Amino acid sequence: MEKSITDAICVYGASSSRIDPIYKEAARLTGQLIAVAGCPLVCGGGRGGLMAEAIEGANSKGGLTIGVLPEFMVERQWQHPALGRMISTPDMHRRKHTMASMSRAVIALPGGVGTLEELLEIITWRQLGLYDGNVTILNTDGYYDPLIAMLERTIEKRFMRQGSHNLWQVASTPEEAVEKSLSEA
């Protein structure tokens, strides 16, 4: 039975397609597993990179895919053509807010500065009590090792409180990431 739209799992990830296939395979499997779990997949809705792989993975298993794009991206036709549903927002901030408000959890796939910005913002929202879903970093092939070390350093140097580790989880496989997303926050 398909869950409601607010049970979606939000996926952040690269829009670049010029990346190692290991990341693409993990993104596609993540999308498939989200669909098999009966959860809608909400993401930035892009036509390339890991976003496209996650969308196509979810679609291949009959899942609902929802892309949230700011108007300027829709005007440039950057949306994936096979989205089950597309939501247009006035700007990037509203895009991120919409994706978070629709989701029970976030999985951050590898990505560039946009993905890093989304990930750090949702961790901040969780710290401030503005988001209560799980935040899982999918550390495919050790991609996020330097960021995880930096997050640990912020705690070690007391820029974040002890116990802040509970603001995020780390997974090394798509299976583990989806499992952690489905657990109670």
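In the block above lies the structure referred to throughout.
Residues numbered from 1 in each chain as written. Predicted model: local features only at pLDDT ≥ 70, side-chain atom pairs only at ≥ 80, totals over all residues. Heavy atoms only, no water.

1. Digging into the side chain of glutamate 118
Here is the rule we go by: A helix here means a DSSP run of H or I that spans at least four residues, while a strand means a run of E at least two residues long, and both kinds are numbered starting from the N terminus. A 1.4 Å probe rolled over the protein chains alone gives each residue an accessible area, and that area as a share of the maximum for its type sets the label: buried under 20%, exposed over 50%, partly exposed in between. Counted as positive: Lys and Arg. Counted as negative: Asp and Glu. His and the chain ends are not counted at all. Think of a salt bridge as a Lys or Arg side-chain nitrogen and an Asp or Glu carboxyl oxygen that are within 4 Å of each other. Two residues form a contact once any of their heavy atoms are found within 4.5 Å.
Within the secondary structure layout, glutamate 118 lies in helix H5 (residues 113-127). The buried charged residue glutamate 118 lacks any salt bridge, with arginine 95 as its nearest oppositely charged partner at 4.6 Å. Contact partners of glutamate 118, with chain neighbours within four places excluded, come to Tyr12, Lys96 and Met99.

2. Here's the deal with unusual backbone geometry
The residue glutamine 77 is not glycine, and still its phi comes out positive at about 60°. Mapped onto the secondary structure, glutamine 77 falls in the loop between helix H3 (71-75) and strand S4 (85-89). A relative accessible area of 55% means that glutamine 77 is categorised as exposed.

3. Overview of the layout of surface pockets
In plain terms, the rule: Using a grid of 1 Å spacing that covers the protein atoms alone, one calls a set of points a cavity when a 1.4 Å probe fits there but cannot get out, and a pocket when the set is open and has protein on both sides within 12 Å along at least five of seven lines; lining residues are those with an atom within 4 Å of a point. Grid points are joined across faces, edges and corners, and a volume is the space filled by probe spheres set on the points. Gly is put with the polar residues, along with every residue not named as nonpolar or charged; the nonpolar set is Ala, Val, Leu, Ile, Met, Phe, Trp, Tyr, Cys and Pro, and the charged set is Asp, Glu, Lys and Arg.
Put simply, the largest pocket is a space of about 350 Å³. What lines the largest pocket is a set of 24 residues, and nearest its centre among them are Gly13, Ser15, Met51, Met73 and Arg95. Where the lining of the largest pocket is concerned, the elements lending two or more residues are strand S1 (8-12), helix H4 (92-102) and H5. Looking at which element gives the most residues to the lining of the largest pocket, the answer is H5, with 5 residues. Each residue belonging to the lining of the largest pocket can be placed in one class, and the counts come to 11 nonpolar, 8 polar and 5 charged.

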